Amino acid sequence: MRRGEPPRTLRQHAALVYPGAMLGVLFLVPFAIMIAVSLYHRVEQGFYEPGFEFTHYARFFTSFFSDHLLFSLFIAALASALCVLVGFPFTYALVRLGRRAQIPILVLLLSVLSLSEVIVGFAWSVLLSKNAGLSNLLVWIGLLAKPLAWSPSFGAVLCGLSYLTFPYTILVLYPPLSRLDREMVEAARTLGASPARTFATVVIPVLRPAILAAFILGFVFTLGSYLTPQILGRPQHWTLSVLITDQAIYAANIPFAAAMAMFLTLVSLALVAATLALNRSARRTP
Amino acid sequence: MEAHGVSLRGLRKRFGPIVAVDGVDLDLPAGKLIAFLGPSGCGKTTLLRLIAGLESPSAGRILLDGEDVTEVPTHRRNVGMVFQSLALFPHLSVGDNIAYGLRIRGIDRGAQRRQAEELLELVQLPGVADRHVSALSGGQRQRVAIARALALEPRLFLLDEPLSALDAKLRESMQVELRLLQRRLGITTIVVTHDQREAMTMSDLVVVMGHGTVQQAAAPLAIYRAPLNAFVAGFIGSTNLIPATIAGAGRIVCMGREFAVASLPDGIATGAAAVLSVRPEDVVLHPPPASRPNGLGGRVAFIRDVGASIETHVDCGAVTLISVATPKDRLDVDTVPTWKRSCRRRLASW
């Protein structure tokens, strides 16, 4: 079977059984259970019983929850955009280094992935604290009059989320950037484009699909984060994921948590689809 | 005096411990097509990239029309270049690819469009400006890359192995086409190639490179007929290289026999070791006995008859000589166990 061709023989179909089954067991079945639970009836002071009602979805349309949804989408998009903004030039410079210089940098970056969200969150809360944080360093240098508490705050949450997403951004950007034909950049130079102009008119447009992929991955990844906003933010900085956890674990309201999770999934899916559609139409009319 | 398009003075380029270009001095005439020819790793591409400004030299100067451009960055040199990978921009249409340089210069869109279409006419590919690059064949992409490189009317046109991705037939016709285009525009052009046939077909001047230096720079036929050294003789066409010793004015000794040669290079002393280069087409086969002047006895070891030419390998003891003849010169060598050859022309080098 060649790439991109539909399977024809029984053997080729058989090869799809295993991945298909795993997708069903690990993803579709739990997802179906979640949909079902989101429609169940909640028993006050208890758990839930089978039912069919839209009360949980209706409750969601109060300003408290929809505000948090908007905030979640906003901070996820911002953190992801920040990662791409910093990560793209970073990776562009990285792939131009020699192999020997690249490996330690990549290992260091990927080692961040081995840290749990809790550790990263608390590390940032210390770094941004008044007593032991970076502001003391700035006071010592003379840039600040007295140390400041930078956490909890919106900036601290953004910082933590970006830090956690950054390695993924690099992972997505690295392969297409390292495959970029260097002669394409050189061709732009011989045609009179300065290095900055080349970057803007050739490198970025050619790699737009990779940039978009990195942004979407970062966005979805950040959207699911529920510890960082609690550690580094005030209650108004809590994302919907935090509220879902709150409802599921502390309020024992599984149907409502499931309904919110469903809603978050649908909204983010719609946003991803919209982004891709926007990219396609932009491609048609450059 | 001929105007110099490009002058290179003591040009050197090191990559760490590797010296890619080792002291090149060249004057390339304006308005001509020059081929940099050599095996892979000989420094020919590096030399081209130095001229384009894509590499900066470790030492030496580069002059374009007498102006020192050694320190001028690529985007201000105004050289058009066709890359080995062609390096067309996949996010732009054919027309926008060609007009890229014009857009960078801030020329208005209508004029961009007109020029792109004119250039497509020039490379005989009209009416594809709105197509996507991926919708073109290899040969068409080649033409687009050439049109894009010529869009800014560059003072120098550089091509790095431009035809290597094309199949043999298309390559041959593109060689002729490129040559005619260059003549029409009269633009100083440098083509890097490892294909000696391509260099011979296209160029006014062939620069044979080897080991980071210029081995010989001359007109194609001059290089073929009078190679300066064994490297050039071996690289351009096929040849028989025979160890020899200089025996005096117009005489050399090889394989224990004295031969007359038409000319010897200047400044070579009697008794010096040399290499005799004899082109296969200059080796003429005769039936024995081997008593003719400049004759040598041997035994036919192998015959490759491909119809258009007959190649005969003759074992002469210390060396195996190769003779190439056309069918009309055919000698029925199969039945002749020994033969003799005469050298009509010979070239000595050392």
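Because the structure is a prediction, the values reported are computed rather than measured. (Residues numbered from 1 in each chain as written. Chains lettered and ligands numbered in written order. Predicted model: local features only at pLDDT ≥ 70, side-chain atom pairs only at ≥ 80, totals over all residues. Heavy atoms only, no water.)

Considerations on the overall build of chain B
Part 1 of the reasoning: Helix and strand content of chain B: nine helices and 20 strands.
Part 2 of the reasoning: Its C-alpha atoms give chain B principal-axis dimensions of about 80 × 45 × 40 Å.
Part 3 of the reasoning: Across the 350 residues that make up chain B, the buried fraction comes to 50%.
Part 4 of the reasoning: Put simply, of all contacts in chain B between residues at least 6 apart along the chain, 65% involve residues at least 24 apart.
Part 5 of the reasoning: Counting every atom, chain B has about 15600 Å² of accessible surface; 52% of that belongs to carbon and sulfur.
Part 6 of the reasoning: Separation between the mean location of the 40 positive side-chain charges and that of the 34 negative ones in chain B comes to 2 Å. (Helix = DSSP H or I, 4+ residues; strand = E, 2+ residues; numbered from the N terminus. Buried < 20%, exposed > 50% of the residue type's maximum accessible area, 1.4 Å probe, protein only. Contact = heavy atoms within 4.5 Å. Areas by Shrake-Rupley, 256 points an atom, 1.4 Å probe, with all protein chains shown as cover. Lys, Arg positive; Asp, Glu negative; His and termini not counted. Charge placed at Lys NZ, Arg CZ, Asp CG, Glu CD.)

Concerning the overall build of chain A
Part 1 of the reasoning: If you tally the helices and strands in chain A, you get 14 helices and two strands.
Part 2 of the reasoning: Its C-alpha atoms give chain A principal-axis dimensions of roughly 75 × 70 × 35 Å.
Part 3 of the reasoning: Counting every position in chain A, which comprises 286 residues, the buried fraction comes to 39%.
Part 4 of the reasoning: Of the contacts formed within chain A by residues at least 6 apart in sequence, a portion of 67% connects residues at least 24 apart.
Part 5 of the reasoning: Working note: accessible area of chain A is about 16100 Å², and carbon and sulfur atoms make up 70% of it.
Part 6 of the reasoning: Charge separation in chain A, taken as the distance between the mean sites of 20 positive and 10 negative side-chain charges, equals 14 Å.

Description of the packing of helix α4 (residues 63–96) of chain A against helix α8 (residues 154–179) of chain A
All names here are of chain A.
Part 1 of the reasoning: Axis separation between α4 and α8 bottoms out at 6 Å; the angle between their running directions is 45°. On the basis of their axis angle, the class for α4 and α8 is oblique. Seen from above, α4 lies across α8 with right-handed handedness.
Part 2 of the reasoning: In the contact of α4 with α8, the residues fall into 23 nonpolar, six polar and no charged. (Axes fitted to C-alpha atoms, helices over the stretch in contact; angles between N-to-C directions. Parallel < 35°, antiparallel > 145°, perpendicular 65-115°, else oblique. Left-handed = near helix turned anticlockwise from the far one by under 90°. Nonpolar A, V, L, I, M, F, W, Y, C, P; charged D, E, K, R; others polar.)

Describing the sheet that holds strand β6 (residues 79–82) of chain B
Residue and element names in this part refer to chain B.
Part 1 of the reasoning: Spatial ordering of the open sheet is given by β6-β7-β8-β3-β9-β10, a layout of six strands whose pairing is mixed. At either margin of the open sheet sits one strand with a lone partner, and together these are β6 and β10 (213–218). Each strand of the sheet is rotated relative to its neighbour by a mean of 20°, with strand direction disregarded.
Part 2 of the reasoning: Summarising the sheet, strand β9 (residues 205–210) and β10 pair through five bridges and their orientation is antiparallel. Opposite Met 209, over in β10, you have Val 214 as the bridge partner. (Pairing = 2+ DSSP bridges.)

Digging into the packing of α4(A) against helix α11 (residues 208–223) of chain A
Residues and elements named next belong to chain A.
Part 1 of the reasoning: At a minimum axis separation of 8 Å, α4 and α11 run at an interaxial angle of 140°. As summarised for this structure, α4 and α11 are arranged oblique, according to the angle between their axes. Handedness of the α4/α11 crossing: right-handed. Of α11, the residues touching α4 (which contributes Ser 72, Leu 73, Ala 76, Ala 77, Ala 79, Ser 80, Ala 81, Val 84 and Phe 88) are Ile 211, Ala 214, Phe 215, Gly 218, Phe 219, Thr 222 and Leu 223.
Part 2 of the reasoning: In terms of residue class, the contact of α4 with α11 is built from twelve nonpolar, four polar and no charged.

Examining the nonpolar core
Part 1 of the reasoning: Counting 61 residues, the largest nonpolar core has Leu8(B), Leu28(B), Phe36(B), Leu47(B), Phe89(B), Tyr100(B) and Leu158(B) as its most contacted members.
Part 2 of the reasoning: Broken down by element, this core gets its largest block of residues, six residues, from α4(A).
Part 3 of the reasoning: Excluding residues within four positions of it along the chain, Leu47(B) makes contact with Leu8(B), Leu11(B), Val21(B), Val24(B), Phe36(B) and Met209(B).
Part 4 of the reasoning: Leu86(B), Ala151(B), Leu163(B) and Met174(B) belong to the second largest nonpolar core, which has 33 residues in total. (Core = buried A, V, L, I, M, F, W, Y, C linked by side-chain atoms within 4.5 Å.)

A short note on the environment of Glu281(B)
Residue and element names in this part refer to chain B.
Part 1 of the reasoning: Relative to the helices and strands, Glu 281 is located in the loop between β14 (273–278) and β15 (283–286).
Part 2 of the reasoning: For the pair formed by Glu 281 and Asn 294, sequence separation is 13 residues and the distance between their alpha carbons is 15 Å.
Part 3 of the reasoning: A polar atom in the side chain of Glu 281 sits 2.4 Å from the side chain of Tyr 224. (Polar contact = N/O pair within 3.5 Å; in protein donor to acceptor, adjacent residues only side chain to side chain.)

A closer look at the interface of chain A and chain B
Part 1 of the reasoning: Contacts between the two partners involve 20 residues from chain A and, on the opposite side, 23 residues from chain B.
Part 2 of the reasoning: Across the interface of chain A and chain B, roughly 1900 Å² is buried in total on both sides, 61% from carbon and sulfur atoms.
Part 3 of the reasoning: Interface area lost by chain A to chain B is led by Glu183(A), Thr190(A) and Leu191(A), which between them contribute 36%.
Part 4 of the reasoning: Where chain A packs against chain B, one counts one salt bridge.
Part 5 of the reasoning: Taken together, the connections running from chain A to chain B amount to seven residue pairs in polar contact (both at pLDDT 80 or more).
Part 6 of the reasoning: Those elements giving two or more residues to the side of chain A that touches chain B turn out to be α9 (182–190) and α10 (195–206) of chain A.
Part 7 of the reasoning: Per-class residue counts for the side of chain A that touches chain B are ten nonpolar, five polar and five charged. (Buried area = accessible area lost by both parts, 1.4 Å probe. Salt bridge = Lys/Arg side-chain N within 4 Å of Asp/Glu carboxyl O.)

Side note on the pairing of strand β12 (residues 251–254) of chain B
Residue and element names in this part refer to chain B.
Part 1 of the reasoning: Burial along β12 is one-sided: Ile 252 and Cys 254 are buried, and none of Arg 251 and Val 253, which face the opposite way, are.
Part 2 of the reasoning: Between strand β11 (residues 240–248) and β12, which pair antiparallel one after the other, the connecting turn spans two residues, and Gly 250 there sits at a positive phi close to 70°.
Part 3 of the reasoning: Pairing of β12 with strand β13 (residues 257–260), which is carried by four bridges, proceeds in the antiparallel orientation. Bridge pairing in β13 links Arg 251 to Ala 260.
Part 4 of the reasoning: Between β12 and β13, which pair antiparallel in sequence order, lie two residues; one of them, Met 255, sits at a positive phi of approximately 50°.

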